[in-house]
Each structure stands twice: as C-alpha cells, then as structure tokens.
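These are the residues of each chain, in order.
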Amino acid sequence: MEWLYVLMPIAGVKIFWPGLIILGIGVGIIGGFFGMGGAWMVTPGLNILGFPMAFAIGTDIAHMAGKSLISTMRHGKFGNVDYKLGMIMLVGTVVGFEVGAQMIMWLERLGAVEKTVRILYLILLAFIAWMVFHDVAKRRQKQQEALKAGREVDKLATGIEWHKTFHKIKIPPMIHLKVAGIYCSAWLPIIVSFLTGWLAGILGIGGGLIRMPALIYIIGCPTHVAVGTDLFEVMISGLYGAGTYTYKGRTELVAAVIMLVGASIGAQIGTVATKYIKGYGIRIAFGIAVIGCAVSIVLKMVPMYYPAYRTFFDGASTVVVLGIVAALSFYITVKMVEGAKQEVAAKKASMAKQTGSQV
Amino acid sequence: MAYKLLETDCPGNGIYRWVMDRAGVGGAFQEYGLREEILNKGGDGSRGRSCGVEGLFPFRLRTFFRGFSGSSGPIVRFEDLSGALVDLRDFKKGREFGMTKLWAKIAGIAATIFLFLPDVVLAAGGGEVAPIVIVADTRNLSGIMWWWAELYNESHLYFALLTIALIPIIGVIFGVLADIVMTHIGIDLKSRDLAEH
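Residues numbered from 1 in each chain as written. Chains lettered and ligands numbered in written order. Predicted model: local features only at pLDDT ≥ 70, side-chain atom pairs only at ≥ 80, totals over all residues.

What follows deals with the overall build of chain A. Counting its secondary structure elements, chain A contains twelve helices and four strands. The C-alpha atoms of chain A give a radius of gyration of 21 Å, which matches the 21 Å a tight globule of 359 residues would have. Considered along the principal axes of its C-alpha atoms, chain A spans approximately 65 × 55 × 35 Å. Among the 359 residues that make up chain A, the fraction classed as buried is 53%. Long-range contacts, defined here as pairs at least 24 residues apart, represent 78% of the contacts in chain A between residues at least 6 apart. (Helix = DSSP H or I, 4+ residues; strand = E, 2+ residues; numbered from the N terminus. Rg over C-alpha atoms; globule rule 2.2 N^0.38 Å. Buried ≥ 20, exposed ≤ 12 C-beta atoms within 10 Å, placed from the backbone. Contact = placed C-beta atoms within 7 Å.)

Counting its regular elements, chain B contains three helices and seven strands. The N-to-C order of helical and strand elements in chain B reads β-β-β-β-β-β-β-α-α-α. The long-range fraction of contacts in chain B, counting pairs at least 24 apart against all pairs at least 6 apart in sequence, stands at 51%.

Remark: a regular strand shows side chains that alternate across the two faces of the sheet. All names here are of chain A. As defined by bridge partners, strand S3 (residues 174-177) adjoins strand S4 (residues 182-185) across four bridges and the pair is classed as antiparallel. Note that in S4 the partner of Leu177 across the bridge is Ile182. Hairpin geometry of S3 and S4 is characterised by an intervening segment of four residues between the two adjacent antiparallel strands and by a positive phi of about 70 degrees at Gly181. (Pairing = 2+ DSSP bridges.)

The next thing to look at is helix H10 (residues 253-276) of chain A. All names here are of chain A. Taking 1.5 Å per residue, 24 residues should reach 34 Å; H10 reaches 34 Å between its end C-alpha atoms and fits that length. The largest bend in H10 is about 30 degrees, located at Gly262. For H10, a buried count of 23 out of 24 residues is recorded, marking the element as mostly surrounded by other parts of the structure. (Expected span 1.5 Å × (residues − 1). Bend = angle between axes of the 7 residues up to and from the residue.)

Residues and elements named next belong to chain A. With 23 residues, helix H3 (residues 56-78) ought to run about 33 Å at 1.5 Å a step, and its terminal C-alpha atoms sit 32 Å apart, in line with that. Among the 23 residues that make up H3, 21 are buried, leaving the element largely enclosed by the rest of the structure. Positive phi shows up at Gly79, right after H3, with a value of about 80 degrees.

Residues and elements named next belong to chain A. Of all hydrophobic cores here, the largest spans 121 residues; its most connected members are Ile30, Ala65, Met212, Ala255, Ala289 and Val290. For this core, the element with the highest residue contribution is H10, accounting for 15 residues. In contact with Ala255, other than residues within four places in its own chain, are Met8, Ile15, Leu20, Phe51 and Thr59. (Core = buried A, V, L, I, M, F, W, Y, C linked by C-beta atoms within 7 Å.)

Take unusual backbone geometry next. Glycine aside, residues mostly have negative phi, and peptide bonds are mostly found in the trans state. Pro173 of chain A follows Pro172 of chain A through a cis peptide bond whose omega is 0 degrees. Here Pro173 of chain A shows up in the loop between helix H6 (162-167) and S3.

Right, let's get into the packing of helix H11 (residues 279-305) of chain A against helix H12 (residues 310-358) of chain A. All names here are of chain A. One can describe the packing of H11 onto H12 by two numbers: an axis separation of 7 Å at closest approach and a directional angle of 170 degrees. In terms of orientation, H11 lies roughly antiparallel with respect to H12. Taking contact as the criterion, the partners of Ala285, Ile288, Ala289, Gly292, Val295, Ser296, Leu299, Lys300, Val302 and Pro303 in H11 are, on H12, Arg310, Phe313, Ala316, Ser317, Val320, Val321, Ile324, Leu328 and Tyr331. Of the residues belonging to the contact of H11 with H12, the class tally is 14 nonpolar, three polar and two charged. (Axes fitted to C-alpha atoms, helices over the stretch in contact; angles between N-to-C directions. Parallel < 35°, antiparallel > 145°, perpendicular 65-115°, else oblique. Nonpolar A, V, L, I, M, F, W, Y, C, P; charged D, E, K, R; others polar.)

Turning next to the packing of helix H5 (residues 114-148) of chain A against helix H8 (residues 208-219) of chain A. All names here are of chain A. Axis separation between H5 and H8 bottoms out at 11 Å; the angle between their running directions is 40 degrees. With respect to H8, the axis of H5 lies oblique. For the element pair H5 and H8, the recorded crossing hand is left-handed. Together, Leu124, Ile128, Met131 and Val132 of H5 and Ile210, Pro213 and Tyr217 of H8 make up the contact between the two elements. Counted by class, the contact of H5 with H8 contains seven nonpolar, no polar and no charged residues. (Left-handed = near helix turned anticlockwise from the far one by under 90°.)

Examined against the element boundaries, Asp179 of chain B turns out to sit in helix H3 (residues 156-185). The spatial distance from the C-alpha of Asp179 of chain B to the C-alpha of Glu154 of chain B is 38 Å, given a sequence separation of 25 residues.

Residues and elements named next belong to chain A. By the secondary structure assignment, Ile218 is in helix H8. By the C-beta count within 10 Å, which is 18 here, Ile218 ends up partly exposed. Distance in space between the C-alpha atoms of Ile218 and Ala126 is 17 Å, their sequence separation being 92 residues. In this structure, Ile218 is in contact with Trp162, His163, Phe166 and Val192, ignoring residues within four places of it in sequence.

Structure follows, in structure tokens:
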C-alpha cells in the first residue's frame, strides 16, 4: 500500500494522500456553502494525518486561497459577490487584524492570555449561535402570524432586523452596494470589517466565522451575497497570507495541491448547493457549525483544569470537529444532488413539452 | 454659501441627497438662511415635497430632500434668502469627483498597508511563526520534487513567488475542470432563482 502515501518534499514525511483529498472535499463543501476559510476544521484533520504542525497553518492558508478562488468564481456567476463591499471590507479587515494581532502580543507580554482568549472566543461563538437561532425563531414566528392572518410572509423578510437600524446612520459618504441591495454609510462596512478583523487578530483565526454573520445581521446582506462576498475576501487575504507564510518557509505546496484536488470538487458542491437551499437553510446549518466549533473549544479547554485527561479530550475535540464536517458535508451534498436531479428532470420535461408542441 | 451634492439616488425619481458644507449646530433648515423652492415640471401634475432635515452631525448639517420629477429632468432647486439660485445639476460633477477621491483614498491606504507591512499583516489565519530555519532533505527526492525542495533551500523568496503564482493557476484549472463536469451533468451554473434574504 506504499502507493497510497506521498513524500512531502519540504516536510520530509510520508502522508496518506487520499486522506488529504477527503479533507479537502469536506472543507471545500463547507467553505463554499458558508463562505469561510475553515482553518478550525483543517488543523485537526491535518493533525490526524500526521502532518507536521510547523507547516499546518501555511499549507491550510495556501489551499484555502485556491479553494476560495474556485468558490468565488462560481458564486460570482450566480451574482452572489458584491465586489465593492468586498474591497471596502478587505481594507478594514487587514487594518483591524493588525491592530488585534499587535494588541494580543502586548497582552501576552503582560501575562498569559490564552485562557482569556479562548473564553472570549467561546462567548463570541455562543452569541453568534444565539443570534442565528433567535433570528430563525423570530422569522418562523412571523411566518406563523402571517399564516394565521391568511397571507404569506414576504420572501425577503428576516427575523432579526438590526441592519435596518444601522442603515439609518447617515454619516457621509453614503454608498450604494448594488449586488447586496444596500444603501448605507461607507463607515458601516469599514467599521464592521475593522471590528471583525480586530477580533480575528485577537483570537488568531481567519475571521470568516465572525464576518459571515456580521455581513448578514449588521450590514444587511442577503445570505447568499454574504457567503459569496466573504469568500472573495478570504480569497485575497488567503493569497496574501499564503505568500507571507511561504516566504517564512512554512508551506507544503504539494499537500496544498492535493487538498485542492478535493477542495475543487467540494467547493463546487458547496457553492452549487446554495442554489437549492434557501437563505435560512444556510443560516441554520451555519449555526450548527458554530455550535460544533464551540464544543470543540470547550473540549480543548478542559485539560487546562484536568491535565491528566489531555489525550482523551484532545481526541474528543478532533472527533467532534471532523464529525461536524462529515455530517454537514453529507447534508449539503444530499441537498445538492436532490436539487440538481429536480433541475435536470424539469429541464428534460420542458424540452419534451417543446418537442411535443412542435410536432 | 457652499454646497456639495453627496449623491444622487435614483435620479429618475428625483430623489436627491445633499450635504451643506456649512458648520453649525442645531436648528432647522431655515435657520441657515435658506428656503427651498420645489418646481413642478412633471407631466403628471405631482407636487414635489421636502423631506426636511435628516440629522445633525458635529461638522456638517445634512439635509435630505425629496421631489418628484417628470421627463423634463431635475425639478428641485434651492435658493438662499439673497435670491441666488442653486441648481442641482451644477453639482453632479462635484459629486463624481468626491466619490472618485474617496475610492482613490481607500485604494491608496490598502496599497500602503500591503506594501509596508508585509511581515505582520496576516488577514487570513493568525499565529506567530517561530524563528527556526527548516531545511528540506533532498537526498530521497528526484525529478520535479527534488527541484522544488532545492528551490526551497536556495531561496524562500522565489519559492514564495512561485507558490503565489501557482495557487490561483491550479485553482482556476481545477475550477474549470469541475465546471465542465457539472455542466455535463446538466446543471445551470450561471443563475440562481431562489430568492430569500
């Protein structure tokens, strides 16, 4: 079975390449569907495959850039990418990230901050999960009220409507984001991206997990546009991150390319699935992914108090993350296949009808 | 009195957004010695109306006016009390210039950040990289793998540049290949009908 292993030229270790492809498919599906890089999912997977951790972040970012490019291309064709918003947010994110990263270095000099950072991350994830499910519950309530009144709820109606309050802030300059259908102060995306970038810098994460809900609930993007625009941002920042990590010699391109083979398939599945799943379906699945991420962090934190059980809890955390990836990937793939089948069948039926009427 | 048109929203409907570049605090529109006149040139006989003062900010008074226009073009005009007429059309050029300048500033800031902070700005993925030197072992490698590892050992710069060039190329190739497969299945990959927020 030697052929199933490939020697990594830089890291000098042999890696089970089908594992890299499977990981790429899973992360590609979830990334293309939710609009995030998914570093929190890749690292445990690489760890299990025996990948040297010195190369994990760089390799992950390199594959993330390629994967986001594929997803952005597809989302762009669906009209899901607001490039103007993406460019504005990119600037805010980069500046915010740098401020956050500098701040965390300053805090580290003052004392250990790891535990505080993880607790902050947990609070944030809990808030995001609450926000998503509160929104879903509120919309369902609206739907039920509308049904009782004998009418249908507006397709564009949302549960939480915080973005409407933010849109009332009219500090110049005002911008019109055509794809997202938003007219707001330019300061809104700038400040939001700065804050999400700042949080990502403090927490040491990519930020897609925070940016996606911020785009929906604060800026007011439709879910599909939030996914596409976030991926556009991940693509550019990922390419830049890949450059800096590679310059430091921490990227194993061979592994990234193998993962990209899987991710290109996964990204297509995830992106095309957004065609068949409604905005609120995406939000619910996203909420579940956030809960999975939070549980894995809790499991990682337990050994801080009970060091004797470190091996068990580290393993459990990896199982939770990979279990969530597998379950969500399966759900998204099934939905995509079902939707594609219906579309193909509808096309065939209409073609048959046309042929019949011509005869 | 200096005016600047910030943005014309839906010009066909005659909805205009203004910024008046005059510092001041408090008070309604009239307190600044202005009165508005809305001319109705619309063919439908509709009267324009003013939406009044929208909000006050520390350094600018922002006023929002709404009018209805017909086919004859903009119908809203402003006068100060001395009788000098201000026509919206005079400010369109200024608006475009203002927005271009804003975009130029944003692009300038982005370029500066990317140029001057290459080592510290890591917008995707965080974490410090420990300052250790890793050397690739080329003894067991051959062909392209050997060349790749040699490039890594010789110059991280060329290695990084090639990586950055290769990732998008490989991404596009795989993306196009996956596109071909998906199109072959019969899925429409160019539009999305589903509309929900």
